[in-house]
Every structure is written in C-alpha cells, then in structure tokens.
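One letter stands for each residue in the lines below.
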Amino acid sequence: MSIPFIETTETQEGWQATFAFQVFHRPSEEWLKMKWGFNAGALLDEALDRHKLFVESQAINETMYFEESILARTLVIRGMKLPGKGLQMAVLGNVKAASQAQAEQGCKNYAREVSSTFPHDFILRPAETKPEYDGLKGSELLSKNPGVACIQRENTFIPPMRGFHYLNGFWQTGVRSHEQIWRALSRMDRTTMFNVILEPTILLEDEKELLLEIKKKVSDTEEKPPIFLPYYPWVESYIKRRLAPWKKFFLLQVQVVAEGEVDENLTRSIGSAITRDTDNAPLPGFHVTYPTSVDEHAEWLDDLCMLNLIPPQRRMDDLADIDEAFSVFRLPLRPEAGLPGADFIAHPGSPT
C-alpha cells in the first residue's frame, strides 16, 4: 500500500489525525471471476457478507470502550457528485489521541487496517498529497457555506408514553436499496455530498435503565387499552433487540451537503432507501433536520470538516446495532452492465 497523506489537527481535547482513500469498483470482468458460488447471485451474497464483516470488525466491546490505551476511531463514507466528472466515492478515517505522535501513528495503523480488510470487491487508492486528500474530503464544498441536512430515523411517540419518552425506528434496507441513493445523487446538477459517519460505542448504563423504565411503563403494565395494543409488540421487540447480550453498537449519522440549498427530493430518496419496511418489520420512516441558526450551521460544517459526529439531541438518537450499521454504511455493488443512471468515476487503470 502507498503511504497515505495524514492530516493532523490539534483540538481542545487533544489531537486527531485523518486519512482518505478513493474507492473504485473493481472491473466487472475481474469481479465476476471472484465468486465462490455458481452464479452472479452467489457473488452478490458473498460481497454483502464481506461488507458486513468489515462493519463488524469496527465494533468494540465494553472492556475496549473503557480501556484508555484504545484510541477513539471514526470511519466515514463520503460520496460526491462532481458536475462534469461523475460520482466520487471515498472512505475516510479519523483517530483521536492525547498527543500528535499518538494520533499520527494510530492513524497510519488504522489506514493499514482499512486497506487490508476493506471488501476486495472495490479498489482503494490512498490520497498521497494534501490536494488529493482535500478533494476526497470535499474541502472546497465545505468552505463555500453550503446547505446541510441530517437524515434521522423517525421518532415513535408510543401513545402511552406521550410526554415522557420516545423511541427511534431502525435503519433497515434491502439488498439493492442503495442503488437508489447513488442514482439520485448522480442526477444532481451541482456539487452534492452524501456522508455517513460511523463510530463504535456501547450501550451505556443510563441508556439501559431508560429502556427498562419504558418496558415497565409500557410493556409490563397490566392496563393496556385496546386502541394501543398494536404498539406493545413493537416496543417489546425494540427493547429486546437493544438489550440482547453482547450486542455491539455504533453511533451513526447520515448527512447531505450541497451547494445552495439541500434538495428535498434527494433526502427523500436517501431516507426511504435506508428505512425500508419488511413484511415482519414495519417502520415509522425517517425525518430530516436542519441547523436552527447561523451559528449551528457553522458548527455542523466544522464537525463535517473534522469528520466528527454532529452533537445529537440525545445520544440514543444516533445509536445503531451492527445490522443497522450494515444497512447504511455500505457502498453500491455494480452489476456487469453497470448501474443505470449512476456515473461512477472509474479507476485510472480500468478500460474505457
């Protein structure tokens, strides 16, 4: 692997260092030969399993979370429509540490890990210079005071809980749902960024207590008005999923950044693709939030520039398990004939 450019920045908490890789689809004739199964359908299943394993490998347990020697890490997928050029896909990493040397070395180690474990359905090319890094990061767009929006899971105010607590829906998608995201992004007529940020975490003690309190007030209560009966199984399933032993979690956010205002049609295309109903798991959907002031708008852009999470109203609004993270933190797989309407920038070595 070529040595990637590492950008280090001093913050109030210490130092952080970041790297960037441009992501390309592997040429179809090469990719199709990689299948272990008998057909292209098997190749798709194999590729999705590789991608899920990569997401799983980013998780941590409670021991690691509280271990001071474990550096805080963040991973970002950043896709940009560049008018006249096409769709640019990138994965960026961020490491935080007490000293500049620790952050830089940790970042180099993390870049090596990502390079060696990222699904081999794609080709990674590291940004080796500051201009290449800035291009993948979207520094020019972020410096132009662009519009920014955050896509979140819809809140569910279960009737018996009104005025007390709310739960979020889940991130949930299908095998090919992400195709819609990249096709919609590709049709934008101005520079537009799709951003997914993933940070490993755990379910904290006060969050467990909150879920148990909701269970007590809603699921375990003897008085269950008939009009509310459809909600109880959903709440019970939600709490059971969140409190399952050895469950691994992430903090996950989805943003859209664009020159001018963010296009509502694009956020709808993205939100609907990553909050899909299934026969057994209907969802409340998604909603879109925007900065509420000039100062907050500037803070959001600063966080995006630093590859940081935007401070949520509460931490649980961003909490996601591995299945949810896999539903969102995913790059599109391209069939042999290509993905209609999506003009991905090709690897320099690919045939034209």
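Scroll up a little and you will see the structure.
Residues numbered from 1 in each chain as written. Predicted model: local features only at pLDDT ≥ 70, side-chain atom pairs only at ≥ 80, totals over all residues. Heavy atoms only, no water.

Engineer: Got a minute to help me understand the pairing of strand 6 (residues 147-153) in this structure?
Structural biologist: As a general feature of sheets, a regular strand has side chains that alternate between the two faces. By the criterion of burial, strand 6 is predominantly enclosed, with seven of the seven residues buried. Burial along strand 6 is two-sided: Gly147, Ala149, Ile151 and Arg153 facing one way and Val148, Cys150 and Gln152 facing the other are all buried. Inspection of the sheet shows strand 6 paired to strand 10 (residues 249-258) by five bridges, in the antiparallel sense. Bridging from a neighbouring strand, glycine 147 pairs with alanine 258 of strand 10. When strand 6 meets strand 11 (residues 286-289), the two strands line up antiparallel, connected through four bridges. In the sheet register, isoleucine 151 faces strand 11, and the bridge partner there is valine 288. (Buried < 20%, exposed > 50% of the residue type's maximum accessible area, 1.4 Å probe, protein only. Helix = DSSP H or I, 4+ residues; strand = E, 2+ residues; numbered from the N terminus. Pairing = 2+ DSSP bridges.)

Engineer: Can you walk me through the packing of aromatic side chains in this structure?
Structural biologist: To describe a pair of aromatic rings, one takes the distance between the centres and the angle between the planes. One pass over the structure, following the stated rule, counts 11 aromatic pairs. Measuring from ring centre to ring centre gives 5.4 Å for phenylalanine 5 and tyrosine 133, while their planes differ by 55°; the resulting arrangement is tilted. Separated by 128 residues along the polypeptide, phenylalanine 5 in the segment before strand 1 (7-10) and tyrosine 133 in helix 5 (residues 130-137) bring together distant segments of the chain. On the basis of relative accessibility, which here comes to 21%, the residue phenylalanine 5 falls in the partly exposed class. (Phe/Tyr/Trp six-rings, centres within 6.5 Å; stacked < 30°, edge-to-face > 60°.)

Engineer: Help me understand the side chain of glutamate 7, please; the structure alone is not making it clear to me.
Structural biologist: Relative to the elements of secondary structure, glutamate 7 occurs in strand 1. Take glutamate 7: its relative accessible area is 16%, and that puts it in the buried class. A distance of 3.1 Å separates a polar atom in the side chain of glutamate 7 from a polar atom in the side chain of tyrosine 133. Side chain to side chain, glutamate 7 and lysine 137 meet in a polar contact 3.2 Å long. In contact with glutamate 7, not counting residues within four places along its chain, are Gln16, Ala17, Thr18, Lys130, Tyr133 and Lys137. (Polar contact = N/O pair within 3.5 Å; in protein donor to acceptor, adjacent residues only side chain to side chain. Contact = heavy atoms within 4.5 Å.)

Engineer: Quick question: what am I supposed to make of helix 9 (residues 231-242) here?
Structural biologist: What sets the pattern is the α-helix's 3.6 residues per turn: residues three or four places apart point alike. For helix 9, built from 12 residues, the straight-helix expectation of 16 Å at 1.5 Å per residue is met to within 8% by its first-to-last C-alpha distance of 17 Å. Those residues of helix 9 not exposed but buried are Tyr232, Trp234, Val235, Tyr238, Ile239 and Arg242. In an axial view of helix 9, the angular spread of the buried residues amounts to 165°, which keeps them on one side of the axis. Turned more than 90 degrees from where helix 9 packs its buried face, Pro233 and Lys240 sit exposed. (Expected span 1.5 Å × (residues − 1). Arc of directions from axis to C-beta.)

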